[in-house]
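# Commentary on secondary and tertiary structure
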Amino acid sequence: MIRFILADLRRLWAGSLVVVLLVALATALGVSVVLQERALRLGSARAADKFDLVIGAGGSETQLVLSSVFVQPSPLPLMPGEVLARLAADPRVDWAAPIGFGDSFSGYPIVGTTVMLADKLSGGFAEGKVFAHEGEAVIGSAVRLSLGDEIKPMHGSAEEGGETHSELVYHVAGRLRPTGTAWDRAILVPIQAVWHIHGLEANERSEGAEAAGHDHARDGGDHDEHEHHGKLDPDAALNETWTADTPGLPAILVKPKTIAAAYKLRQDYRRGNTVAVFPGEVLTNLYATLGDAKQILVAVASGAQVLVAASLVLVTVIHIGQRRRQIGALRAFGAPRGAVFGIVFLEFFFLVAVGIALGFALGFAAALILSGLFSEMSGIAMPVGFSGEDAGLAAVLLAFAAILAALPAVLAYRQSPAQALRA
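Residues numbered from 1 in each chain as written. Predicted model: local features only at pLDDT ≥ 70, side-chain atom pairs only at ≥ 80, totals over all residues. Heavy atoms only, no water.

This part is about the pairing of strand E9 (residues 187-190). For strand E3 (residues 108-113) and E9, the ladder comprises four bridges, and the chain directions are parallel. Its bridge partner being in E9, Thr113 is matched across the sheet by Pro190. Where strand E5 (residues 136-139) meets E9, two bridges bridge the pair, whose relative direction is antiparallel. In the sheet register, Ile139 faces E9, and the bridge partner there is Ile187. (Pairing = 2+ DSSP bridges. Helix = DSSP H or I, 4+ residues; strand = E, 2+ residues; numbered from the N terminus.)

Structure (structure tokens):
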């Protein structure tokens, strides 16, 4: 029987190839959607694990997490600098690091922060050392620069028509180890330098502080576009002692000493003019939205698979009609009905099963390519892999293939030799 099936497939190789490709493409669509969505969840969750607590001014919690954890610069409202001073002195806090963003260089976001965060972010340096002066910078593992290279910060980005600062040129002092997060594409500079480059002194918190929080915003009207620019010494030592006169900040990354302290801090800083969030909780809400989108995409993929199945049934029924004489000859030579059923069933099931296997391979390859492109743009590592759920999906598809293959087999089973030979 097997030899007969293989011989039949070789003779009808063109039609068999079409069936396999149709099934493979329909399967690949569904598999790639599932794998890509899972990779996005895992990648973003691992990126958020790097940060226990984020504190910012009252506003959108989602935007606060996207800006601080995923380094997506946006005009966040500012909180008073005294919040950082309180956190630095709080015995429940292991460390607290301010961040300021808005500048960029060659498409990489420049983030103002502290020596503490630069040291803790990746667990060490691949090369070089942490910045020790205002004119030094630390780069993420995915930033295509070398030690000693110059970095000329630009307001916003080149696409937005940003203006390059002429007050300071940073020099790369070190490269962080890979973190698998968006910070791999970030350039870290002293927050002190960010404040100074925008003309902020320790006691300036009003209009100038607003510029530091989202320094890509340009002044309008008759304002001089250099109004908030300041002077600074690239060789100046860093002073990371925070006071009540510290300039305003868009966000502070906090490492509590204990889990209990983390919950207490979140409660304390969710009052008044600040908001405190666990990044993982905010991502859960985003996942709910992604879940709805996933349902739509899966429904589209399922619809495509149903259409392919219907077309395969139609093609197969026509094919069985064209093979009535062959089936009649088999029956006339003594082949039992069960053997005819088995030949037709196994032949069609084999083609669909091969198509499903190829579809899983194509879906996996497509998810790898998409994840690689997304990781290249965002810096977030997106792990693509199969899980137990995918084995269940494969079992369901094979069961459906068996039902699909049974239809033409039943048609062949019910044909009598005399009717088939007269056709």
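Ranked by size, the top nonpolar core spans 35 residues in total, and within it Ile99, Leu117, Trp183 and Leu188 carry the most contacts. At the level of secondary structure, the elements contributing two or more residues to this core comprise helix H2 (13-48), helix H3 (61-68), strand E2 (93-105), helix H5 (115-120), strand E10 (251-256), strand E11 (274-277) and helix H9 (279-322). The greatest single-element share of this core, amounting to four residues, is contributed by E2. Not counting chain neighbours up to four residues away, the residues in contact with Trp183 comprise Phe51, Ser68, Val69, Val71, Ile99, Val111, Leu117, Leu121, Gly140, Leu188 and Leu253. (Core = buried A, V, L, I, M, F, W, Y, C linked by side-chain atoms within 4.5 Å. Buried < 20%, exposed > 50% of the residue type's maximum accessible area, 1.4 Å probe, protein only. Contact = heavy atoms within 4.5 Å.)

On average, residues of the chain score 78 in pLDDT, and 73% of them are at 70 or above. Here residues 202-228 is a poorly scored stretch, pLDDT under 50, and it has 59 contacts once near neighbours within four places are set aside; other chains count. (pLDDT = per-residue confidence, 0-100.)

Looking at the secondary structure, you find Thr181 in the loop between strand E8 (170-176) and E9. A polar contact is formed between the side chain of Thr181 and the side chain of Thr179, at a distance of 2.7 Å. Once residues lying within four places of it in the same chain are set aside, the contact partners of Thr181 are Ala47, Lys50, Gly379 and Ile380. (Polar contact = N/O pair within 3.5 Å; in protein donor to acceptor, adjacent residues only side chain to side chain.)

So, on to the side chain of Ser67. Turning to its location among the elements, Ser67 is positioned in helix H3. Residue Ser67 is classed as buried on the basis of its relative accessible area, which comes to 1%. When residues no more than four places from it in sequence are discounted, the contact partners of Ser67 are Gln72, Ser74, Leu76 and Phe101.

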